[in-house]
Amino acid sequence: MKTEAFELETLAIRAGYTQTAELENSEAIFPTSSFRFASAQQAADRFSGAEKGNVYSRFTNPTVRAFENRLAAMEGGESCVATASGMSAILSTFMGHLKAGDHIVSSQSIFGTTKVLFTKYLAKFGVETTFVALTDLQAWEAAVRPNTKAFFCETPSNPLTEIADLSALSKLAKGKSVLLVVDNCFCTPVLQKPLALGADLVIHSATKFLDGQGRGIGGAVVGSSELVEEPIRGFMRTAGPTMSPFNAWMFLKGLETLPVRMEAHCHRALALAEWLEQHPAVEQVFYPGLPSHPQFELMKKQQTAAGGLVSFRVKGGREAAWKVVDATQMLSITANLGDVKTSITHPATTTHSRISPDERERSGITENLLRISVGLESFVDIQADIQRGLDLISQ
Ligand SMILES: *Cc1c(COP(=O)(O)O)cnc(C)c1O
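First, a word on what this report is: a plain description of the structure on this page.

Calculation notes
- Residues numbered from 1 in each chain as written.
- Predicted model: local features only at pLDDT ≥ 70, side-chain atom pairs only at ≥ 80, totals over all residues.
- Heavy atoms only, no water.
- Pairing = 2+ DSSP bridges.
- Helix = DSSP H or I, 4+ residues; strand = E, 2+ residues; numbered from the N terminus.
- Axes fitted to C-alpha atoms, helices over the stretch in contact; angles between N-to-C directions.
- Contact = heavy atoms within 4.5 Å.
- Near = heavy atom within 4 Å.
- Polar contact = N/O pair within 3.5 Å; in protein donor to acceptor, adjacent residues only side chain to side chain.
- Nonpolar A, V, L, I, M, F, W, Y, C, P; charged D, E, K, R; others polar.
- Core = buried A, V, L, I, M, F, W, Y, C linked by side-chain atoms within 4.5 Å.
- Buried < 20%, exposed > 50% of the residue type's maximum accessible area, 1.4 Å probe, protein only.
- Domains from an automatic or database assignment.

Details of the sheet that holds strand 6 (residues 201–205)
On the basis of which strands lie adjacent, the open sheet formed by 7 strands has the order 1-7-6-5-4-2-3 and mixed pairing. Lying at the two open borders of the sheet, with one neighbouring strand each, are strand 1 (79–83) and strand 3 (128–132). When strand polarity is set aside, the average angle formed by the axes of neighbouring strands in this sheet is 20°. Where strand 6 meets strand 7 (residues 219–223), 5 bridges bridge the pair, whose relative direction is antiparallel. Residue pairing across strands places S205 opposite G219, the latter belonging to strand 7. Contacts between helix 4 (residues 86–97) and the sheet are confined to strand 1, strand 2 (103–107), strand 4 (148–154), strand 5 (179–183), strand 6 and strand 7, with strand 6 contributing the most and set at about 150° to the helix.

Brief notes about the site of the ligand
Contacts to the ligand come from 13 residues, most closely from M87, D183, S205, T207 and K208. In this structure, an oxygen atom belonging to the ligand sits 2.7 Å away from a side-chain N or O atom of K208. Broken down by class, the residue content of the shell around the ligand amounts to 5 nonpolar, 5 polar and 3 charged.

Digging into the nonpolar core
Membership of the largest hydrophobic core comes to 36 residues, with the highest contact counts inside it found for F67, L71 and L258. Examining the composition of this core, we find that 8 residues originate from one element, helix 10 (residues 245–277), more than from any other. When residues of this core are assigned to domains, at least three fall in each of domain 1 (8–254) and domain 2 (258–394). Discounting chain neighbours no more than four positions away, the residues touching F67 are A82, A206, L210, G219, A220, M243, A248, F251, L252 and L255. Counting 31 residues, the second largest nonpolar core, distinct from the first, contains A320, V324, I372 and I386.

Dropping the structure here:
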């Protein structure tokens, strides 16, 4: 079946899978570590690469391949490598593409563990990283050195939802012969296609929206075959941060409902942001779907909708923010995101607690900031659960 011409919603359901002789309607799982060959000749050809086909599940598995093909189709990329986690997708990307003496320019507003990977581990192997403000294009340009090999960013940023101009960043990157690597975890291909905007590689934590139900850990990298196959799959098959067939099957099924889930996340998030913005106990709301957001126009140009994450500052300090967290009865108090279950987080004391108080204040992670990953419960119930705490503050 040719699926290239299909719309995104159809690709999410139909792309990437080849039915077996059993004619199953739902995708099969292949939980096998290795594959048999019909003859000594075929074994030799598979090992040499003269014949394409399965060898060993550290690097080829039909279920994993189906997930890779489907995600690649949805992102509009030629190739995809699935990995054991979002972090191993980032690690594999840089292990595959960089060497000692190379330099990365990264947004300072990235997932905390990614920062640790850059500053503690890649640094140990002689790869240095300079951090710049996500939206300050001049700072990106000024940070480029002769040995700069990659730009890295997430957009919208977490938790303040700042938006990078990906077309402008990619122009700058191309001019300097630097790879633009975009972690598309928050938008997914449903809301934003970084490759179409000029990015070279797209990273995913499948753990978040791609699965969408908080069931497992996984990751992926998508891009051209040249940038993905030899460098990144080559590293992956050698080092082994492989996605398991069970997880691949789960993420494959997750992709099927991703377009409708993202639409529903975005609807609820916008309603929540609009309601919070006029609430007397709220000081400021960060959501790119609000006209008050500094990159509202850019968001409309670059994304199909504003996403499922809403952050806001309450009036008061940590005590007031914690009151809102502790007054919830339904919301999950957890740092996880992209789930059907709405979650509430106090970034200053959880996801961003390891950075210094000074740096935290400077980057806007104030003590009165809360982040909501808006799930798919009824909006009425989500709102009521947050209202409880806000009412306590406004009294
Ligand atoms: C969670 C997350 C990661 C890491 O993914 P894991 O699957 O937890 O390893 C990377 N980037 C972003 C933006 C994330 O939210």
